[in-house]
Structure formats: structure tokens, C-alpha cells
Amino acid sequence: MAILKVSRMGHPVLRQQAKALTPGQLRQPATQQLLDDMVETMVDYEGVGLAAPQVYQSLRLIVLGYPDADPRNPDDIPLTLCINPEWVSLSDEKELGWEGCLSIPDLRGQVPRSREVVVRALDRRGKPFTLKAGGFMARILQHEIDHLDGVLFPDRMENLGTLSFLEEYYRYWQKSED
Ligand code: ZN
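Residues numbered from 1 in each chain as written. Predicted model: local features only at pLDDT ≥ 70, side-chain atom pairs only at ≥ 80, totals over all residues. Heavy atoms only, no water.

Draft legend 1. Representation of the packing of aromatic side chains in the model. All chains considered together, the criterion is met by three aromatic pairs. Here the aromatic rings of Tyr 169 and Tyr 170 are separated by 5.3 Å at their centres, their planes lie at 55°, and the arrangement is tilted. On the basis of relative accessible area, Tyr 169 is assigned to the buried category, the value being 9%. Residue classification places Tyr 170 among the partly exposed residues on the basis of a relative accessible area of 41%. Among the aromatic residues, those joined into a cluster by ring pairs are Trp 98, Tyr 169, Tyr 170 and Trp 173. Over the aromatic face of Tyr 169 sits the side chain of Arg 108, whose NZ or CZ is 6.0 Å from the ring centroid. (Phe/Tyr/Trp six-rings, centres within 6.5 Å; stacked < 30°, edge-to-face > 60°. Buried < 20%, exposed > 50% of the residue type's maximum accessible area, 1.4 Å probe, protein only. Lys NZ or Arg CZ within 6 Å of the ring centre and 35° of its normal.)

Draft legend 2. Just the sheet that holds strand β3 (residues 80–89), in detail. Judged by pairing direction, the sheet is antiparallel, and its five strands sit side by side in the order β1-β2-β3-β6-β7 without closing on themselves. Two strands in the sheet have a free side with no partner beyond their single neighbour: β1 (49–51) and β7 (128–134). The sheet shows a mean angle of 40° between the axes of neighbouring strands, taken without regard to direction. Pairing geometry for β3 and strand β6 (residues 116–122), over five bridges, is antiparallel. From the neighbouring strand, Ser 89 faces β6, where its bridge partner is Val 117. Relative to the sheet, helix α2 (residues 29–44) contacts β1, β2 (61–64) and β3, its axis offset from that of β2 by approximately 40°. (Pairing = 2+ DSSP bridges. Helix = DSSP H or I, 4+ residues; strand = E, 2+ residues; numbered from the N terminus. Axes fitted to C-alpha atoms, helices over the stretch in contact; angles between N-to-C directions. Contact = heavy atoms within 4.5 Å.)

Draft legend 3. Quick peek at the coordination of the zinc ion. Donor atoms from the polypeptide that coordinate the zinc ion comprise Cys 101 (SG), His 143 (NE2) and His 147 (NE2), at 2.0 to 2.2 Å from the metal. Going along the chain, you hit the donors of the zinc ion in the pattern C-x41-H-x3-H. Remark: His 143 occurs in helix α3 (residues 135–148) and Cys 101 occurs in strand β4 (residues 94–101); sequence separation between them is 42 residues. Judged by its relative accessible area of 10%, Cys 101 is buried. (Donors = N, O, S within 2.8 Å, 3.2 Å for Na, K, Ca; no water.)

Listed below in C-alpha cells is the structure:
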């Protein structure tokens, strides 16, 4: 396994429409290795989600959540791998919440997202599955699937007034929400 380099905002790979994987591509050892490396990279960077374009691969793969033993799992989000994911909203309402991105280091911003979603995807063996998620997990899924369409979280912000550096976020924003 390997920790991969993470692409940063401004690199064209983050703005491309990523390609779906065929069953044959998914079975290839290189793709299976990429999935393992994405998980290891996400954990090492202390992220809660990672999309393949963030490791310079324009492919429709995302990983999210925490490995079982991770004590930083307040939201109980299981480690989840989605290949060729698609989502639909289960609620008309959108909810504002803070997001960051490993490709946009040290920034946070409030982004409106659907409260509840259903995701359809393939698992790493190519078997289709459906996943219903709400709250923070629904937010992560929407954020990561956006990466596959070249969309970054600031694109989704309705008010750039909350866009903050991490230090200022902790100082001025996080406290007011506790
Ligand atoms: Zn991101």
C-alpha cells in the first residue's frame, strides 16, 4: 500500500469529468491497489472522504468514512468504497454545513447540501448496492461525488462570506456553534 500525493485546486484533473469504470477495469489489480491506496491516503491525511481525481486519477471512484478502530469516528460513518456512484436526494430541503477538502488545504466554508440521499454504486467486486445516508455522511457523499464531475465545494457555496482559513474558522466560527 502507498500514500498518494493529493492534487490541489488549480490542477486541471480536479475540473475534469471523471470516467466510469468497466467491470474489467475494476477487476484489474491496479484498480484494486488504487482503492486500497486511496483509503490509506485518506486516513493518513485525516480526511473523511477522497475521490480518485484527488490522487490524479480521472476515474469514478470515491472512498469515505473511518476504519473500524478509528477513535475519530464521532458520526459512526463506516469505511465505504463506491465505484461509479450516483445519488438522488430524499429531501427537498437543503441544510448548511461546514466543509473542507484535502485539495483545498486549510479552508472551510458553509455549503448547502441535501439532508438525505440515496446512493447507488458498485462495490469493489463490481456488485451493485444501494446506500441511504443522512446528515454528515450524506454531505460527504455529495461532496465526493461532486469531485467526479469536476465540482469543488466553493462552487456550491451560496455565500462566500463564510469561506475561512482553518485558524480563523476555529477562532470565530466553531466556538459560536458549540
Ligand atoms: Zn474534496
